[in-house]
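# Overview (structure and organization)
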Amino acid sequence: MNRLIEYMLPPARNSAAGETDALFAFINITSFILLAGITFAILYFAWKYRRKSDNDVTPVITHNSKLEITWSVIPLILVMIVFGWGFTGYMNLSTPPDDAYEIRVVGKSWLWEFHYENGTTSVNEMNVPVNRPVKLVMSSDDVIHSFFVPDFRVKRDVLPNRYSSLWFEASEVGESIIFCTEYCGTQHSNMDAVVNIMPQDEFDEWLEAGDTIDEDMPPAERGEALVTQNGCTACHSADGSDGVGPSFAGLWESERNFSDSESTTADENYIRESILEPNAKIVEGYDGVMPSYQGVVDDQQIDDIIEYLKTLD
Amino acid sequence: MATTDASNIKRLQVERFKPDESPKEHYLNAEKGLWSWLTTVDHKRIGLMYLASIALFFLFGGILALVLRTELLTPARNFIDADVYNQIFTLHGAIMIFFFLVPSVPAALGNFILPLQLGAKDVAFPRLNLASFYIYTLGSIFTLIAIFTGGVDTGWTFYTPYSAETSTNVLMMTLGIFILGFSSILTGVNFIVTIHKMRAPGLTWNKLPLNIWALYATSIIQVLATPVLAITLLLLTMERALGIGIFDPNLGGDPVLYQHFFWFYSHPAVYIMIVPGFGVISEVISTFSRKTIFGYWAIALSSLAIAFIGFLVWGHHMFTAGQSSLANMVFSFLTFLVGIPTGIKIFNWLATMYKGSIDLKSPMLYAMVFLFLFTIGGFTGIMLGALAVDIHLHDTYYVVAHFHYVMMGGMVMAFLAGIHYWWPKMFGKMYSEFWAKIACGIIFIGFNMTFLPQFIMGSQGMPRRYYNYIDQFQPFHQFSTIGSYVLGVGFLIIAAYMIHSLLRGKEAGSNPWGSRALEWQTSSPAPHHNFEHTPVIINGPYDYHKPMSEFQLGIAHSHNGHHEGEHVGAETETASEKA
């Protein structure tokens, strides 16, 4: 039974996950025992009391108060245990310790942005220190999303008009997946991200470095790194294959036809506008679904991305 | 039999009316032609028209489900695009819930059987009943227009702000469902009045069939809850069409408010779907165990308790949405309370089987499948009601599997039990019992193959409404898809032998199951006005220890009640009724 329960759940990487898992196991085991009993009774009665002749006489049993009270009170006690257990577990999951490390999370269709205390930003990749409580303060830029890390047993809706939060304390170094679990449109199922759980010193190092993008890299390489880091590649391919948005391949200085039958050449200004105000011009055959990157990338970074696009013929 | 008291007891002369075993005239041939069907006010014909409609919608929704499952064979694109996938799961949900599950037992089976079980000639408002059917049709037409003019991709829940922003045809769809709601409300009102005012002489509240109690509880929920859905959809429409900010934060609204409104209807709606199923199961189990139902009042009152508490648990759909912890606690607590009356029913049905004379005919098989699958649905509901665990399982395939176990394993199995049980009364024909058992077995296997793996992948974290998924879930998805094909085959077999039964079925006779219930004490198919006499009830519907003759009484020489009170002819039986 324990094996089965372990098989049913993803690895537990949150210090609070143990309590959730224990309750999960308790309900499963209790239910299984009761279900086995009920199933046995159904089958046994169906066989034992099968009709022998059309003139069978059955006893008149209208009720049995003792029996009925028993089968009302025992389940009541069981569910009250489950209720209390579930509630304490929930209170623990929703009360972050005061010294929790804060990360700001922004969900937008369809990517996750993570902002750290020193201004470092990452997209679709969250780095957290191991064995330290982390509190996420989350909001959405558009519709409702939901932040779910199966390995942490935590989930919380991310809303457009308010902040919501959750916390966890990662218990082992490793990589876990983040899902969006509130339906949010076309790319809902691709709105996933990764949590990198790392030792504190490694985390500090990463935070100091700002991000993986090196000032000394050539602009085009830096641009490529930025495109990956900001999640652009989720919708725009670099090899000409079709996605939610037009491919980057052959984009530079090509003729763009828009859904309002206007057209223009893809120059610096067009690309800049497409990043900051994506819905100003919509390429024919695509939907205006891209979020704005105003405030996410600065002018220097836009230059780098343009340099990168120039290399993709 | 009660002793007579001259002051407030009215004496009725009754005699036994044996039903005609092969009637020449019945409701199916009383009038002929398409027009006679379209303008009928006969509750039995209206019931059949509903039955045909929901069968079509079930077929449509089922095909959509198979398309979804086929797409999910591979983690990435298989044969349809993400947008198409999103529209299909929305339609599958909306059609199955609003066009199949909600009207299935109340509007289709309920319409047919309720007046028969009450010994009435029809429902209280026959024309209103026909109007409900046309409102249902009108709602369906609007929904079909929505499907063919852009579709809808919001999920059947229409959560804001997404539903206010998507470019698909949400307005037409919500309009369709808005209209449909009135059909549901009017049917509910009709049933409540019928149950209160049209019961046959002697049919007191403590002799009502449990199916009637279940339909009564359902009707109350329909009348009280459906208007909230109408208001919610109207507000959504106002926001989309007129830009009035109610739910959209950009306009100063609150998206979570929508969820409260929506679930305030949609949770009780779950009970609109399942409670009538409880009624069917009570009838079937007692008939095929040929035994008095165990705990009549416990079953009857637990339906009402579920109807009442069911209004107070909507917040358990929103444990992760950002309610206060206090609200979460209260909703979790009430959710567990609603589980208790449901559990009581299961034990009562089991106790009814104890020492019965059990005949494993197909309706009984479906009832047993119901008991098993619905119990699993119930236990997994307890799992989801536990706050800490729900935080992990919310919006995963675990929830998908849970409600399919409740709605399909529970409600659809109860519906199939009901269809097989009342089929002879509807058409006067039997179906192939052999094929019915085969189909039941295939459906049982297919159902579990489809939905058991979904519990596991849900626990492992697979979110619902996902077009793409990570590779680790593929074996579960493939197993589930194969199961759904098996399930599809099961339903095709049912369709085949049911059609065969209509064309060449053996004559059923008035009471093929040997039931004591009132609807079986008239010919099959039923006469145009249900009974050729005014039935008089002196026993409970499950009193199998009393002779059949006591269940076939009617007012003697009354000519449908015109000469009530006249003492003519020999006294065969005497019934007394409080005036």
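Within every chain, residues take consecutive numbers counted from 1 along the sequence as written. Following the order in which they are written, the chains are lettered starting with A and the ligands numbered starting with 1. Note on the predicted model: pLDDT of at least 70 is required for a residue's local features to be given, and 80 or more for side-chain atom pairs to be given and counted; whole-chain, interface and lining totals, by contrast, use all residues.

This brings us to the overall build of chain A. Under the DSSP-based scheme used, a helix requires at least four consecutive residues in state H or I and a strand at least two consecutive residues in state E, with every element numbered from the N terminus. Within chain A one finds seven helices and 12 strands. Referenced to the eigenvectors of the C-alpha coordinate spread, the extents of chain A come out at roughly 90 × 50 × 35 Å. Note on burial: count the other C-beta atoms lying within 10 Å of the residue's C-beta; 20 or more is buried, 12 or fewer is exposed, in between is partly exposed, and C-beta positions come from the backbone. Sorting the 313 residues of chain A into buried and exposed places 34% on the buried side.

What follows is about the overall build of chain B. Secondary structure summary: chain B contains 15 helices and three strands in total. Both definitions apply: the radius of gyration is a C-alpha atom measure, and the globule rule equals 2.2 Å times residues to the power 0.38. In terms of overall dimensions, chain B is globule-like: its C-alpha atoms have a radius of gyration of 24 Å, near the 25 Å expected for 579 residues. Taken over the C-alpha atoms alone, chain B extends approximately 80 × 50 × 50 Å along its principal axes. Looking at chain B as a whole, 59% of its 579 residues are labelled buried.

We now examine the interface of chain A and chain B. Here, residues touch in the contact sense if the C-beta positions derived from the backbone fall within 7 Å of one another. Across the contact, 68 residues belong to chain A and 74 residues belong to chain B. Top element by residues in the side of chain A that touches chain B is helix 3 (residues 65-93) of chain A. It accounts for 15 residues.

Below, the discussion takes up the confidence of the model for chain B. Residues and elements named next belong to chain B. Averaged over every residue, the pLDDT of chain B is 90; residues scoring 70 or more account for 94%. Helix 14 (residues 433-459) holds the highest mean pLDDT among the elements of chain B, 97, whereas strand 3 (residues 573-578) holds the lowest, 43. One confidence number per residue, pLDDT, is output by the predictor and ranges from 0 to 100. Low pLDDT, under 50, characterises residues 1-6; the predicted model gives this stretch seven contacts beyond four residues in sequence or across chains. Confidence drops under pLDDT 50 across residues 561-579; counting only partners more than four residues distant or on other chains, this segment forms 41 contacts. This prediction of the complex comes with two scores: 0.89 for pTM and 0.90 for ipTM.

A cis amide bond links Ser-109 of chain A with the next residue in sequence, Trp-110 of chain A, at an omega value of 0 degrees. Take Trp-110 of chain A: it is sitting in the loop between strand 1 (101-108) and strand 2 (111-115). In this structure, the amide linkage connecting Ser-524 of chain B to the following residue, Pro-525 of chain B, adopts the cis form with an omega of -10 degrees. Non-glycine residue Asp-395 of chain B carries a positive phi angle of around 60 degrees. Among the structural elements, Asp-395 of chain B can be located in the loop between helix 12 (387-393) and helix 13 (397-427).

This part covers the sheet that holds strand 4 (residues 125-129) of chain A. All names here are of chain A. Any two strands between which DSSP finds at least two bridges are classified as paired. Judged by pairing direction, the sheet is mixed, and its five strands sit side by side in the order 4-10-9-6-7 without closing on themselves. Unpaired on one side and paired on the other, strand 4 and strand 7 (154-158) mark the two borders of the sheet. Taking each pair of neighbouring strands and ignoring which way they run, the sheet shows an average axis angle of 25 degrees. Two strands pair when backbone bridges link them, and strand 6 (residues 145-149) and strand 7 are joined in this way by five bridges, in the antiparallel orientation. Every axis corresponds to a line fitted to the C-alpha atoms, with the helix fit spanning only the stretch in contact, and the corresponding angles, defined between N-to-C directions, vary from 0 to 180 degrees.

Another point: the sheet that holds strand 8 (residues 164-169) of chain A. Across a sheet, paired strands are connected by hydrogen bonds in the backbone, their directions being either parallel or antiparallel. Residues and elements named next belong to chain A. If you trace the five strands from one edge of the open sheet to the other, you get 3-2-1-5-8, paired in mixed fashion. Of all the strands in the sheet, just strand 3 (121-123) and strand 8 have a single pairing partner and so form its edges. Between one strand axis and the next, the sheet turns through 25 degrees on average, direction left out of account. Across five bridges, strand 1 lies against strand 2 in antiparallel orientation. Each residue of the ladder has a partner; that of Val-105, found in strand 2, is Phe-114.

The end-to-end C-alpha distance of helix 2 (residues 17-48) of chain A is 46 Å, a good match for the 46 Å that 32 residues give at a rise of 1.5 Å each. Taken together, the buried positions of helix 2 of chain A are occupied by Ala-17, Glu-19, Thr-20, Asp-21, Leu-23, Phe-24, Ile-27, Asn-28, Ile-38, Ile-42 and Phe-45 of chain A. Here the buried face of helix 2 of chain A lies against helix 1 (2-8) and helix 3 of chain A together with helix 10 (325-353), helix 11 (362-385) and helix 12 of chain B. A helix's residues, less one, multiplied by 1.5 Å, set its expected span.

Residues and elements named next belong to chain B. Considering the arrangement of structural elements, one finds Gly-509 in the loop between helix 15 (474-504) and strand 2 (553-555). Residue classification places Gly-509 among the partly exposed positions, given that 15 C-beta atoms sit within 10 Å. Apart from the residues lying within four places of it in its own chain, the contact partners of Gly-509 are Glu-21 and Ser-524.

Attention shifts here to the nonpolar core. Think of a nonpolar core as buried Ala, Val, Leu, Ile, Met, Phe, Trp, Tyr and Cys residues, each tied to the set through C-beta atoms within 7 Å. Core analysis: the biggest nonpolar cluster contains 237 residues, and Ile-281, Ala-367, Phe-370, Ala-386 and Ala-417 of chain B have the highest contact counts within it. In contact with Ala-386 of chain B, other than residues within four places in its own chain, are Leu-23, Ile-27, Val-82, Trp-85 and Gly-86 of chain A. Formed by five residues, the second largest nonpolar core is a distinct cluster that contains Phe-248, Leu-251, Ile-305 and Tyr-308 of chain A.

Before going further, it helps to spend a moment on the packing of helix 8 (residues 255-289) of chain B against helix 10 of chain B. Residues and elements named next belong to chain B. Where helix 8 meets helix 10, the axes come as close as 9 Å, and the angle between the chain directions of the two elements is 15 degrees. Comparing their axes, helix 10 and helix 8 come out roughly parallel. Considering only the axes of helix 8 and helix 10, their crossing is right-handed. Across the interface between the two elements, Phe-278, Ile-281, Ile-285, Ser-286 and Ser-289 of helix 8 pack against Lys-345, Trp-349, Thr-352 and Met-353 of helix 10. An angle below 35 degrees is read as roughly parallel, one above 145 as roughly antiparallel, one from 65 to 115 as roughly perpendicular, and any other as oblique. What makes a crossing left-handed is the near helix being turned counterclockwise from the far one by less than a right angle; a clockwise turn instead makes it right-handed.

A few words now on the packing of helix 2 (residues 43-71) of chain B against helix 15 of chain B. Two quantities define a packed helix pair, namely the angle between the axes and the distance from one axis to the other. Residue and element names in this part refer to chain B. At a closest axis distance of 9 Å, the pairing of helix 2 and helix 15 adopts a crossing angle of 155 degrees. In terms of orientation, helix 2 lies roughly antiparallel with respect to helix 15. Helix-helix and strand crossings are classified by hand; for helix 2 and helix 15 the assignment is left-handed. Touching Gly-62, Ala-65, Leu-66, Arg-69 and Thr-70 of helix 2 are Ser-480, Thr-481, Ser-484, Gly-488 and Phe-491, all from helix 15. For the contact of helix 2 with helix 15, a count of residues per class yields three nonpolar, six polar and one charged. Under this grouping Gly is polar, as are all residues other than the nonpolar Ala, Val, Leu, Ile, Met, Phe, Trp, Tyr, Cys and Pro and the charged Asp, Glu, Lys and Arg.

Once that is clear, we can look at the environment of Pro-10 of chain A. Inspection of the secondary structure assignment puts Pro-10 of chain A in the loop between helix 1 and helix 2. Its 19 C-beta neighbours within 10 Å are what place Pro-10 of chain A among the partly exposed residues. Taking the C-alpha atoms as reference points, Pro-10 of chain A and Phe-152 of chain A, separated by 142 residues in sequence, lie 9.0 Å from one another. The contacts of Pro-10 of chain A, once residues within four sequence positions are left out, are Pro-150 and Asp-151 of chain A together with Gln-460 and Gly-461 of chain B.

Two faces, one strand: in a regular strand the side chains alternate between the faces of the sheet. All names here are of chain A. Residues Ala-193, Val-195 and Ile-197 line the buried face of strand 10 (residues 193-198), whereas the alternating positions Val-194, Asn-196 and Met-198 sit on a face that is not buried. As defined by bridge partners, strand 4 adjoins strand 10 across five bridges and the pair is classed as parallel. Directly across from Asn-127, in strand 10, lies its bridge partner Asn-196. In this sheet, strand 10 lies alongside strand 9 (residues 174-180) in antiparallel orientation, the contact comprising five bridges.

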